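Survey of secondary and tertiary structure
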Amino acid sequence: MVRVGPHGILRLRHDDERTEPMVLIHSLSGFLDAGSAGRLAVAHLLSVLPHETVAEFDIDLLFDYRARRPRMTFLSDHYGEIEMPTLTISRMTDSVGSSFLLMHGPEPDFRWRAFADDTVWLAKHLEVSMVLAIHAVPWPSPHTRPVNISAHGNDPTMIADRPKFVGDIEVPAHAAGLLELAMGEAGIPAIGFAAHVPHYLSNAEHPRASVALLEAVSTQTGLLLPLAALREQAEAGELEVTGQVSADPEHVEAVHMLEQQYDEFMATFAAGT
């Protein structure tokens, strides 16, 4: 049986046979994904865990194809293929058989209110116990130091033990943030984790940030997520970055200055907490 959300942009393919409430994790690409940390985390989960699609948004109503043109191939004298975007909710199974939901795809360009309303409807219908966002932001930190995580949420008690790296600031609105607000209005706990990616790696792939995000997810939810392959990818990436930096004395000096600033900040931060 197919069910349609209240705004008609979300189709739930079938009702899950639930034995317990599930967590809904979401990662929306296009914004707040420095180092492609969220994209890499999603790709890893989809490659190592059993999953099936349970719901899908009507992407034609949400996506601006001219602003973010999909990839298409041209083969000598004809077009080969096109990678059309999708915004999907998959039912995943972790390493010990626990189920959770993963929403993945591009951040909507249009109809944010409808997107939030239909996601809240889905969360209620599937008895979601918690909504958890993963994303990444550029940060003035060196790649030689640990990847820190900022946490936020509509229930402060759920993240009370996590450090607060910033105070009150104004930020550009985004769909993931709107979801957190909408979930709060609906009485559904929602939190988010933002990995701190070295600013000079924002436009590259930084799988160490992906590892940090999924480790935080496991700690928060108790889900057992296999990370061995992703950690190997992160180690290879670190070796590549270190090699590129060491080849230029100016880059070495810049990283050294960042290390000093980072260490001083963390020492001051620790002393004040």
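Scroll up to find the structure this text is about.
The sections below set out a description of the structure shown in this document. (Residues numbered from 1 in each chain as written. Predicted model: local features only at pLDDT ≥ 70, side-chain atom pairs only at ≥ 80, totals over all residues. Heavy atoms only, no water.)

What follows concerns helix α1 (residues 37-48). Between the first and last C-alpha of α1 there are 17 Å, a value that for twelve residues agrees with the 16 Å anticipated at 1.5 Å per step. Buried within α1 we find Ala37, Gly38, Leu40, Ala41, Val42, His44 and Leu45. For α1, the secondary structure elements touched by its buried residues are β3 (22-29), β7 (88-93), β8 (99-106), β9 (128-139), α4 (207-221) and α5 (228-246). (Helix = DSSP H or I, 4+ residues; strand = E, 2+ residues; numbered from the N terminus. Expected span 1.5 Å × (residues − 1). Buried < 20%, exposed > 50% of the residue type's maximum accessible area, 1.4 Å probe, protein only. Contact = heavy atoms within 4.5 Å.)

The strand order β1-β2-β4-β7-β8-β3-β9-β11-β10 describes an open sheet built from nine strands, whose pairing is mixed. Two strands bound the open sheet, and with one partner strand each, they are β1 (3-4) and β10 (149-153). Inspection of the sheet shows β9 paired to strand β11 (residues 190-198) by nine bridges, in the parallel sense. From the neighbouring strand, Ala136 faces β11, where its bridge partner is Ala195. Across the sheet, helix α2 (residues 112-125) touches β1, β2 (10-12), β3, β4 (51-57), β7, β8 and β9, and the angle it forms with β2 is around 15°. Packed on one face of the sheet, α4 meets β3, β9, β10 and β11 and runs near 155° to β11. (Pairing = 2+ DSSP bridges. Axes fitted to C-alpha atoms, helices over the stretch in contact; angles between N-to-C directions.)

What follows concerns the nonpolar core. Counting 40 residues, the largest nonpolar core has Ile25, Phe100, Leu132, Phe193 and Leu225 as the members making the most contacts within it. The set of elements that each furnish at least two residues to this core consists of β3, α1, β8, β9, β10, β11, α4 and α5. When residues in this core are grouped by element, the largest group, seven residues, is from α4. Ranked by size, the runner-up nonpolar core spans 31 residues in total, among them Val54, Ile59, Leu101 and Ala182. (Core = buried A, V, L, I, M, F, W, Y, C linked by side-chain atoms within 4.5 Å.)

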